[in-house]
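Okay, here's what each chain looks like letter by letter:
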Amino acid sequence: MKDKKDWLANDKTLMMLVGDTHRLFGHSIHDMIAKKGISNTVHSVLFHLQFADSLTQVELVEKTHVRPSTISVALQKMEADGLITRTPSEDDQRYVKVKITEAGLAMCKEMKTYVHSLDLSLTEGIDEEELKVTKKVLRQIIEKLVLEGDAEAVDLFDYFYGEKKRKRLSWI
């Protein structure tokens, strides 16, 4: 049987370590939201809605990568819980605009607070200079992925940081 620490072996690539970190961090977040009775779908929908004036159900399916039927059920529950509102589009009655409510924003703020505290606890005891270097290197990798990446990488970057930021990449 392999030693449990084999997965931390020095021969792992940077991308493997980043992937492992992402999965473990995501698992910790999932555990926290599950204790509050929040599903991953609800969390993902709220996350995307907090950055948009409104999104259609189709847009939420595309952004969350969740099946339409799952989104539909989640939106019904979220509306009943007062986290979102749904109103028919004025432009096209076939579409429904989904907007986050104050209660939904408050839940996002609570989740953001948890993520921040988790971040602090995970980096506690790590030299501040090492953290700065790590962040700088990760930003440089993001820049390469965006500048040399496919359209989906560019779209994702624009979603989080904005097209103007991508064109300047001044945040690096």
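Note: the structure precedes this text.
Just so it is clear, the model here is predicted, and its values are computed rather than measured.

Novice: I would appreciate a short explanation of the pattern of salt bridges in the present structure.
Specialist: Once their charged atoms are close, side chains differing in charge can pair, the charge on each being opposite to the other. Scanning the model with the defined rule gives 6 salt bridges in all. Close ionic contact of Arg94 with Asp92 constitutes a salt bridge, the shortest N to O distance being 2.6 Å. Overall, Arg94 belongs to the exposed group, its relative accessible area being 70%.

Novice: Honestly, unusual backbone geometry in this entry has me stumped. Any pointers?
Specialist: Generally, phi is negative for residues other than glycine and the peptide bonds are trans, each holding for most cases. Here His65, not a glycine, exhibits a phi torsion of approximately 60 degrees, which is positive. Relative to the helices and strands, His65 is located in the loop between helix 3 (57-64) and helix 4 (68-80).

Novice: Can you help me understand helix 4 in this one?
Specialist: An α-helical turn contains 3.6 residues, so a residue and the one three or four places further along point in the same direction. Under the 1.5 Å per step criterion, the end-to-end length of helix 4 is 18 Å for 13 residues, consistent within 8% with the ideal 18 Å. Those residues of helix 4 that fall on the buried side of the exposure criterion are Ile71, Ala74, Leu75 and Met78. End-on view of helix 4: buried residues confined to an arc of 105 degrees, all on one side of the axis. Residues Val73 and Ala80 are exposed on helix 4 and point more than 90 degrees away from its buried face. Those residues of helix 4 hidden inside the fold are in contact with helix 2 (40-49), helix 3, strand 2 (84-88) and strand 3 (96-100).

About the criteria used
Residues numbered from 1 in each chain as written. Predicted model: local features only at pLDDT ≥ 70, side-chain atom pairs only at ≥ 80, totals over all residues. Heavy atoms only, no water. Salt bridge = Lys/Arg side-chain N within 4 Å of Asp/Glu carboxyl O. Buried < 20%, exposed > 50% of the residue type's maximum accessible area, 1.4 Å probe, protein only. Helix = DSSP H or I, 4+ residues; strand = E, 2+ residues; numbered from the N terminus. Expected span 1.5 Å × (residues − 1). Arc of directions from axis to C-beta. Contact = heavy atoms within 4.5 Å.

All quantities given are derived from atomic positions and should not be read as evidence of function.
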